[in-house]
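Fold and geometry: a report
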Amino acid sequence: MELSREQWSDLRKNTPLTLTADELEALRGVDDPIDLAEVTDIYLPLTRLLNLHYTGSQERSNVLSAFLGKPGPRVPYVLGIAGSVAVGKSTTARLLHTLLARWPEHPNVGLLTTDSFLYPNKVLEAKGIMHRKGFPESYDRRALVRFVAEVKSGMGEVRAPVYSHLEYDIVPGAHQIVKNPDILIIEGLNVLQPAPPTSLAVNDYFDYSIYVDAKVEDIRSWYVDRFHKLRRTAFEDPKSYFKYIAELSYEEATDFAVNVWRDINERNLVENIAPTRGRADLVLQKGADHSIRRIRLRRT
């Protein structure tokens, strides 16, 4: 079913706003203009829906325990968030991570990006696919699926690699530890990709999934704007993989960003990411100003 922004906002009911303007400023992404009105109208109804869904999933687990005649381990609830580069899915993930953790039913909420399961650059170079970083084949899919399966099984601690956006590579020897969360949010470009035959996909372990959507031309504009913002900030860091871009002129940097978008990110979006949109339980449709205009909700 499709809901307008106004119809969706009415579903907030009595869900309180537990986020301040300063906290939102720290959570939003580069060049993302999200404000507290967006949080109130869109994300508070969404956290209410997810809280109800979480409660229902725990009740289903109790049914199985009753049938088996013995209590089982608490099963973490896994939420997947997909969408294009520069569409704002990371801001969505960080917002939900903060808001969901403030519900008394699930205070322990973890967040992981699938960038942690990109192959290291040296592996991508050996495979000859460095130029396809972010495409499905650039991820260690088996390691990612194994990680989520272990989390879902209730293991006390599960380790994931750490990815540095500054260095544009996996950090050798570093790990992120996930300790049996109530909810684990997994955010990434390809988290709704189907599995090869006879295999499992990461989304087979999801309890709920969200796709952040927008028109391709709008995302292209956001990507170029974000690129220029990074050129004036993060890319100037001497440790940045892209430090050479900070020295380009505005026109040169624009040409570079447009080419990267066209040859890599838009191609990945059209060929791999957008086709998975129909697999999501909920689609957040953005307008040209980044605000969410419509919500598509799977009823079953």
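Please read these numbers as outputs of a predicted model, since none were measured by experiment.

Looking at the overall build of the chain
Check the secondary structure of the chain and you find eight helices and nine strands. When its C-alpha atoms are laid out on the principal axes, the chain stretches across 65 × 45 × 35 Å. A total of 300 residues make up the chain; the buried ones form 47% of that total. Long-range pairs, those at least 24 residues apart, make up 72% of the contacts in the chain with a sequence separation of at least 6. Working note: accessible area of the chain is about 14900 Å², and carbon and sulfur atoms make up 52% of it. The averaged location of the 40 negative side-chain charges in the chain is 5 Å from the averaged location of its 39 positive side-chain charges.

Digging into the sheet that holds strand β1 (residues 2–4)
Hydrogen bonds along the backbone pair up the strands of a sheet, which may run parallel or antiparallel. Strands sit in the order β1-β9-β8-β7-β2-β6-β3 across an open sheet of seven strands; the sheet is mixed. This sheet does not close on itself; its edge strands, each paired only once, are β1 and β3 (109–113). The average angle at which neighbouring strand axes cross in this sheet is 20 degrees, direction not considered. Bridge count between β3 and strand β6 (residues 183–187): five bridges; the pairing is parallel. Of the residues in β6, the one forming a bridge with L112 is I186.

Overview of the packing of helix α3 (residues 36–68) against helix α4 (residues 89–100)
Orientation of α3 relative to α4, taken along the N-to-C sense of each, is 60 degrees, at an axis distance of 10 Å. When the axis of α3 is compared with that of α4, the two are oblique. Considering how the two elements wind past one another, α3 and α4 form a crossing that is right-handed. Of α4, the residues touching α3 (which contributes V39, Y43, L44, L46, T47 and L50) are T92, L95, L96, L99 and L100. Among the residues making up the contact of α3 with α4, the classes are represented as nine nonpolar, two polar and no charged.

So, the packing of helix α7 (residues 216–231) against helix α8 (residues 250–273)
Two numbers describe how α7 lies on α8: the axes approach to 9 Å, and their chain directions differ by 135 degrees. Considering their axes alone, α7 and α8 lie oblique with respect to each other. Seen from above, α7 lies across α8 with right-handed handedness. Together, V216, I219, R220, Y223, V224, F227, H228 and R231 of α7 and Y250, A253, T254, F256, A257, V258, V260, W261, N265, E266 and L269 of α8 make up the contact between the two elements. The residue makeup of the contact of α7 with α8, split by class, is 13 nonpolar, three polar and three charged.

The rules behind each value
Residues take numbers from 1 onward in each chain, read along the sequence in its written order. Whole-chain, interface and lining totals are the exception, using all residues; otherwise, since this is a predicted model, local features are given only for residues with pLDDT of at least 70 and side-chain atom pairs are given and counted only at 80 or more. Computation of side-chain values covers all heavy atoms of the structure but excludes hydrogens and water. Each helix is a run of H or I in the DSSP string that is no shorter than four residues. Each strand is a run of E no shorter than two, and both are numbered from the N terminus. Residue burial is assigned from relative accessible area. The probe radius is 1.4 Å, only protein chains are included, and a residue is buried under 20% of its type maximum, exposed over 50%, and partly exposed in between. Two residues qualify as a contact provided that any one of their heavy atoms is within 4.5 Å of a heavy atom in the partner residue. Each accessible area value is a Shrake-Rupley result obtained with a 1.4 Å probe; residue values ignore everything except the protein chains displayed when judging cover. Charge assignment: positive for Lys and Arg, negative for Asp and Glu; neither His nor the chain ends contribute. To locate a charge, take NZ of a lysine, CZ of an arginine, CG of an aspartate or CD of a glutamate. DSSP-based pairing: two strands are paired if at least 2 bridges between them are found. Helix axes use the C-alpha atoms of the stretch in contact, all axes being lines fitted to C-alpha atoms, and the angles between their N-to-C directions lie in the range 0 to 180 degrees. Small angles under 35 degrees read as roughly parallel and large ones over 145 as roughly antiparallel, with 65 to 115 read as roughly perpendicular and the rest as oblique. Each crossing is labelled by how the near helix is turned from the far one, with a counterclockwise turn of less than a right angle marking it left-handed and a clockwise turn marking it right-handed. Three classes are used, and their members are as follows: Ala, Val, Leu, Ile, Met, Phe, Trp, Tyr, Cys and Pro are nonpolar, Asp, Glu, Lys and Arg are charged, and the others, Gly among them, are polar.

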